[in-house]
Amino acid sequence: MSDPLAVLEDLRSESAELDRIVSELSEDRWALATPAPGWSVAHQIAHLAWTDHSALLAVTDAAAFAALVRDAVAAPDAFVDAGAEEGAALPPAELLARWRAGREELLRALAAAPAGTRFPWYGPPMSAASMATGRLMETWAHGQDVADALGVERASSDRLRHVARIGIRARDFAFTVRGLTPPAEEFRVELTAPSGDLWTYGPEDAAQRVTGSALDFCLLVTQRAHRDDLDVRAEGPDADRWLEIAQAFAGPPGPGREPTGARK
C-alpha cells in the first residue's frame, strides 16, 4: 500500500508544476482548445477544481457527497461536463484561486484522515492514499492536455510511478467495462522510469508481458496518446489486446486519441 504522506507530497508537487504552466497565461490563452473535444485550458483546470471539491466532500461530508453521486446517476453523460463548464465560465484569476484553495484544503483533509479510513467515491471506496493517487493521476493527465494545447514540453518525473500503478491495477477493469473477460493470468510489466530505473510488476516468468517507457505507458493508460505513437510493446495476444483498450480512469471506455506520428 502507498504511503499517504509520500503520495500527498507528490500530488502537491504535480499540482504546483501545472500551476506554474497556467499561472501567467493571458486570458485568451485560457480559452485555447485542448485535445479533449469542447474543452479549453480553462475547462481542464475547472474540472480539476470540481473533482478536488468532490473528493473533499467524500472525505469530510459523506451526505453531501452522496448527493453528488445521485446527480451523477441522474445525468451520467453530462455531470462531468457541467462541472467543467461552470468553472470555465469564471474569470481565469478566480478559477485559478478556486483551484489553489480547493486542492490545499483537500491535501489537509487527506493528511488528517485516520489510518485505515476508507471514503466513498464514484467507484469502490478509497483510502486516503488511493484518493491522493487518483487525484495525482488526473492532475497529470489533464495537465498533459493543457501542455499539448499550449505547446509546452513538460519534464517527466518519477511521480509517474503512481499513474503507472493505477493503470496496471485497472487492467481487468479495462476489459470488463467493454464487456470482455479479463485474462486469467497476470502479465509481467517492465517500464523504464524517467530516472532510468526499471519498474517491474507481476511475475518474472509470466507468459505475457508489456515493456517500454513509463512515460509512454502513462500516456497510453490515461488515453492521452495513441498506442501507435508510443514506445510500449506487448508480448502475447491478451497483453496486446490490453494495450488497445487500457484505461486508468473509472467510467465508460474513453474515445482515446488519433495517432499523430509525433511522439514515437
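To keep things clear, this report deals only with the structure shown in the data block. None of the values given here were measured: they were computed from a predicted structure. (Residues numbered from 1 in each chain as written. Predicted model: local features only at pLDDT ≥ 70, side-chain atom pairs only at ≥ 80, totals over all residues. Heavy atoms only, no water.)

### Here we look at the packing of aromatic side chains
On inspection of all chains with the given rule, the structure shows seven aromatic pairs. Among the aromatic residues, those joined into a cluster by ring pairs are W50, F65, F79, W121 and Y122. Sitting over the face of the ring of W99, R103 holds its NZ or CZ atom 4.2 Å from the ring centroid. The ring of F187 carries the charged tip of R171 above its face, separated from the ring centre by 4.4 Å. (Phe/Tyr/Trp six-rings, centres within 6.5 Å; stacked < 30°, edge-to-face > 60°. Lys NZ or Arg CZ within 6 Å of the ring centre and 35° of its normal.)

### A word on unusual backbone geometry
One non-glycine residue with positive phi stands out, namely Q223, at about 55°. As for its position among the elements, Q223 is in the loop between α10 (214-221) and β6 (232-235). (Helix = DSSP H or I, 4+ residues; strand = E, 2+ residues; numbered from the N terminus.)

### Considerations on helix α6 (residues 92-112)
Over its 21 residues, α6 extends 30 Å from the first C-alpha to the last, a length consistent with the 30 Å expected when each residue adds 1.5 Å. When we look at burial in α6, the residues that qualify are P92, L95, L96, W99, G102, R103, L106, L107, A109 and L110. All buried residues of α6 project into a common sector of 165° when viewed along the axis, lining one side. Opposite the buried face of α6, at more than 90 degrees from it, the exposed residues are A93, R108 and A112. Residues of α6 that are buried sit in contact with α1 (4-22), α2 (27-30), α3 (41-60), α5 (79-88) and α7 (128-150). (Expected span 1.5 Å × (residues − 1). Buried < 20%, exposed > 50% of the residue type's maximum accessible area, 1.4 Å probe, protein only. Arc of directions from axis to C-beta. Contact = heavy atoms within 4.5 Å.)

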